[in-house]
Every structure is written in structure tokens, then in C-alpha cells.
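Single-letter residue listing:
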Amino acid sequence: AQSVTQLDSQVPVFEEAPVELRCNYSSSVSVYLFWYVQYPNQGLQLLLKYLSGSTLVESINGFEAEFNKSQTSFHLRKPSVHISDTAEYFCAVSGADSSYKLIFGSGTRLLVRP
Amino acid sequence: DVKVTQSSRYLVKRTGEKVFLECVQDMDHENMFWYRQDPGLGLRLIYFSYDVKMKEKGDIPEGYSVSREKKERFSLILESASTNQTSMYLCASSSPGVLWQPQHFGDGTRLSIL
């Protein structure tokens, strides 16, 4: 079985500062890893994903995440955040053998202050 | 763009009522999902359907049932609503395939049981 741990429930940060949202997973099989973002009063949107290949994946709005198999981590980073990045971020994992089923972490609320 | 529409954004019901939450997707996706989102717990899968009239229990199916009579519509049913079912409910859909396919989410229904 897979599980996901997001260590920080809330991360406050000033605008233009860098940020890292932490995600660790456990699994006995090969995994796919994802970050989803939820803006206020909206559903979840896929931010980025790791399926295979390069361990560093990027999104179109400047976020990146690195798959670290030895540390079983998939931390999300952005070098300079904007007010509009304020949202809740969910890390998720699925087994490569049952890719339809996602296991979500508890979420991290990113609060960007001016 | 994929559109997943949940019929109500906010719903207030009383304990013991039978409650229907409706979800419609417009992309001819085979897979549909119902999740429950609670603070500090992330998203938890209630039920999954991979075809018309086909369903599988997720991680927390107790107190819920589902119906999928048409490919585009997936209904979540609370047979006898209880206060501990007060939550945000999210519907999602995806297309099956050899490679991983993203889940597309609706905006959610915030359900309050009084």
C-alpha cells in the first residue's frame, strides 16, 4: 500500500521569496508522483507529474519538483512566489501497477503575503 | 477542455435524509471518482467507477452508495445522512489507458448535514 506525508499544514511566505513544500511517500512498488493545486472555491488541478525519466519535472508557472527515490521524497519548489500562488497544494502517489487510484497527502496551504 | 460539473456548490440537509450528489463529465471518460475532502486529511476515495454500472469501493465507502447508469453521470448517494458526513465532496473523471491519464476534478459540493 502507498501513503503520502506532507509535513507542513501551512507555509506562510513573503512575495518573491523562495518556497519548498515537502512531500514524502512510502510504497513497496514503483510509483507515479503528482502535485495538485486547489485555488479557493475550486477543484483540484494537476500542477506537475513524475512518471519516469528525468527526476526533475517542471510546471508552466515556475514550480518544479524532484523525485528522490533514495529519500522517497517529491518536494515542490519555486524560486520566487507570487500572491497568486496562494492555494492549497496536494501531493499524491499512485502505484505504477494501479495507476487509476491516487493516494493524497493531507495538503499544505501556501499563504503568500505582500 | 474537460468539464466536470457538480450539480450543487453548496447543499444543506438534515440528518436521516437521503442525499444525492450529481456529477457529469463531457469527455466520454470511462473512469469516474468520488472523493471526500476534510481539513488535515486531504482527499479520500469513496467510490470509483470504471464503466457504466461498474463500481469499486474506495477507502471510505461506509454510509455511501453510487450509481452510474450513463457513462457521463456518476451519482453519490448518502442513504441516511449523518452529521459526520458534513464535508466537501469532489468528483473526478479520467480516461483509462496504457499510460497514466490525469484525473479532472469538478469544483466540489460543500455539504452540511444539520
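Remember, predicted model here, so these are calculated numbers, not experimental data.

**Student:** Quick rundown of the overall build of chain A? Include the residues and the values.
**Tutor:** For chain A, the count of helices and strands is zero helices and twelve strands. Beginning at the N terminus, the succession of helices and strands in chain A can be written as β-β-β-β-β-β-β-β-β-β-β-β. A compact globule built from 114 residues should have a C-alpha radius of gyration of about 13 Å, and chain A, at 14 Å, falls within 12% of that. The proportion of buried residues among the 114 residues of chain A is 46%. Pairs at least 24 apart in sequence give 58% of the contacts found in chain A among residues at least 6 apart. With an accessible surface of roughly 5,400 Å², chain A has 48% of that area assigned to carbon and sulfur atoms. Both charge centroids of chain A, one from 8 positive and one from 10 negative side chains, sit 6 Å from each other.

**Student:** Summarise the interface of chain A and chain B; cite the residues concerned and give the values.
**Tutor:** Contacts between the two partners involve 22 residues from chain A and, on the opposite side, 21 residues from chain B. Looking only at chain A, the three residues that lose the most surface to chain B are Leu44(A), Tyr100(A) and Phe104(A), adding up to 32% of its buried area. Counting every contact that joins chain A to chain B gives one salt bridge. For the salt bridge of Lys101(A) with Asp59(B), the shortest nitrogen-to-oxygen distance reads 3.3 Å. Between chain A and chain B we count four residue pairs in polar contact (both at pLDDT 80 or more) in total. Going through the elements one at a time, strand S5 (31–38), strand S6 (44–50), strand S10 (87–95) and strand S11 (103–104) of chain A are the ones with two or more residues in the side of chain A that touches chain B. It is S5(A) that provides the largest number of residues to the side of chain A that touches chain B, a total of four residues.

**Student:** Any chance you could break down the pattern of salt bridges for me, citing the residues and the numbers?
**Tutor:** All names here are of chain A. Per the stated rule, a full pass over the model turns up 13 salt bridges over all chains. Where Arg109 meets Glu88, a salt bridge forms, and the shortest distance between an N and an O atom there is 3.0 Å. Remark: Glu88 occurs in strand S10 and Arg109 occurs in strand S12 (residues 108–113); sequence separation between them is 21 residues. We classify Arg109 as partly exposed; its relative accessible area is 41%. Members of the salt-bridge network, linked through shared partners, are Glu20, Glu64, Glu66 and Arg77.

**Student:** Give me the lowdown on the state of the cysteines, citing residues and values where you can.
**Tutor:** One pass over the full model with this rule turns up two disulfides over all chains. The disulfide bridge from Cys23(A) ends at Cys91(A), spanning 1.9 Å between sulfur atoms. Residues Cys23(A) and Cys91(A) are joined through a disulfide that is left-handed, its torsion about the S-S bond being -65°. Within this pair, whereas Cys23(A) is found in the loop between strand S3 (19–21) and strand S4 (24–26), its partner Cys91(A) is found in strand S10, the two being separated by 68 residues in sequence. For Cys23(A), a relative accessible area of 0% corresponds to the buried category. With a sulfur-sulfur separation of 1.9 Å, Cys23(B) is cross-linked through a disulfide to Cys91(B). Negative torsions about the S-S bond denote left-handed disulfides, and the value of about -80° found for Cys23(B) with Cys91(B) makes this one left-handed.

**Student:** Help me get a handle on the side chain of Asn31(B), residues and values and all.
**Tutor:** Take Asn31(B): it is sitting in strand S4 (residues 31–38). Every residue in contact with Asn31(B), bar those within four places of it in the chain, is listed here: Tyr100(A), Phe48(B), Ser49(B), Tyr50(B), Arg68(B), Ala92(B), Ser93(B), Ser94(B), Ser95(B) and Pro96(B).

**Student:** If you had to explain the sheet that holds strand S8 (residues 73–78) of chain B to someone new, which residues and values would you point to?
**Tutor:** Residues and elements named next belong to chain B. One open sheet holds the four strands; their spatial order is S1-S3-S8-S7, and the pairing between them is antiparallel. Among the strands making up the open sheet, the edge pair consists of strand S1 (4–6) and strand S7 (64–70). Adjacent strand axes in the sheet meet at a mean angle of 20°, parallel and antiparallel pairs treated alike. Bridging between S7 and S8 involves five bridges; their strand directions are antiparallel. Note that in S8 the partner of Tyr64 across the bridge is Leu78.

Cut-offs and rules
Residues numbered from 1 in each chain as written. Chains lettered and ligands numbered in written order. Predicted model: local features only at pLDDT ≥ 70, side-chain atom pairs only at ≥ 80, totals over all residues. Heavy atoms only, no water. Helix = DSSP H or I, 4+ residues; strand = E, 2+ residues; numbered from the N terminus. Rg over C-alpha atoms; globule rule 2.2 N^0.38 Å. Buried < 20%, exposed > 50% of the residue type's maximum accessible area, 1.4 Å probe, protein only. Contact = heavy atoms within 4.5 Å. Areas by Shrake-Rupley, 256 points an atom, 1.4 Å probe, with all protein chains shown as cover. Lys, Arg positive; Asp, Glu negative; His and termini not counted. Charge placed at Lys NZ, Arg CZ, Asp CG, Glu CD. Buried area = accessible area lost by both parts, 1.4 Å probe. Salt bridge = Lys/Arg side-chain N within 4 Å of Asp/Glu carboxyl O. Polar contact = N/O pair within 3.5 Å; in protein donor to acceptor, adjacent residues only side chain to side chain. Disulfide = S-S within 2.5 Å. Pairing = 2+ DSSP bridges. Axes fitted to C-alpha atoms, helices over the stretch in contact; angles between N-to-C directions.

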